[in-house]
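A closer look at the structure
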Amino acid sequence: MTSEGQKFGGKTIKLIKNHYASMRAVLQQKAVKGTRSSRRRCRELQQRLSGKEARYQRQINHEISKAIVTRAQEILAKIALEDLTGIREGVNQKAGKNHRRKVSGWAFYQLKEFLSYKALAAGVPLVLVDPAYTSQTCHQCGEHGIRNGKSFKCPVCGWSGDADFNGAKNIAFLGRYVDRPGGSEGLPSIKAVLSGLLKAPVFRPE
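Here goes a summary of the coordinates provided. (Residues numbered from 1 in each chain as written. Predicted model: local features only at pLDDT ≥ 70, side-chain atom pairs only at ≥ 80, totals over all residues. Heavy atoms only, no water.)

This next bit is on helix α6 (residues 163–175). Between its terminal C-alpha atoms α6 stretches 18 Å, which fits the 18 Å expected from 13 residues at 1.5 Å a residue. In terms of burial, α6 is largely enclosed, as eleven of its 13 residues are buried. If you check which residues of α6 are buried, you get A163, F165, N166, G167, A168, K169, N170, I171, F173, L174 and G175. The distance from a side-chain oxygen at the start of α6 to the backbone nitrogen of D164 is 2.8 Å, and the residue carrying that oxygen is D162. (Helix = DSSP H or I, 4+ residues; strand = E, 2+ residues; numbered from the N terminus. Expected span 1.5 Å × (residues − 1). Buried < 20%, exposed > 50% of the residue type's maximum accessible area, 1.4 Å probe, protein only. Polar contact = N/O pair within 3.5 Å; in protein donor to acceptor, adjacent residues only side chain to side chain.)

Structure representation (structure tokens):
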């Protein structure tokens, strides 16, 4: 989801990735119960499936990164991304097996790399921002809101809508305060930025 409301991925990608996961699970069961030759055959099929899934994910990330960079060129904007370094390790420590599988299959690092070199080639600035509080903060008034799955509601100003869109707006807002590429270490979080801006009578990140 971009700060303009453009969505990428969605149900089709989830269905395909779940399909590959189910097929691998079936092959794994057959490999455990089968003969030596059938186990070898199952391993070969599993490797083929992994290759097909990786190629599919790579193609999707190429299409997404191209669309984002092209749009940034059109409106003369820079691209801001969350710095998600270490997210797999954090999730793997406290998430269930099914959620860990989804995060491990989420090729965000590859997408970031594709965006980085495409943006560089197109002359589009790209920055990484601190992801802290971007999903908990209302992009309209800057107050703490309530996220419930894909929905977000602010009890202060009353704004409600897509949680990913709200987060994308906050990331775009933070991106205006970042003028250098690289990681977000040492950069202010949205909470730190707003602690100063909220002293003004009216605050609107948009």
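All right, on to the side chain of H139 then. Inspection of the secondary structure puts H139 in the loop between β2 (126–129) and β3 (146–148). For H139, a relative accessible area of 1% translates into the label buried.

Going through the model one piece at a time under the given rule, you end up with three aromatic pairs. When the centroid spacing of 6.0 Å and the interplanar angle of 75° are considered together, the rings of F114 and Y117 count as edge-to-face. Of this pair, F114 and Y117 both sit in helix α5 (residues 108–122), three residues apart, which is roughly one turn of that helix. Grouping aromatic residues by their ring pairs yields a cluster made of F152, W159 and F165. (Phe/Tyr/Trp six-rings, centres within 6.5 Å; stacked < 30°, edge-to-face > 60°.)

Read these as spatial facts, not as claims about activity.
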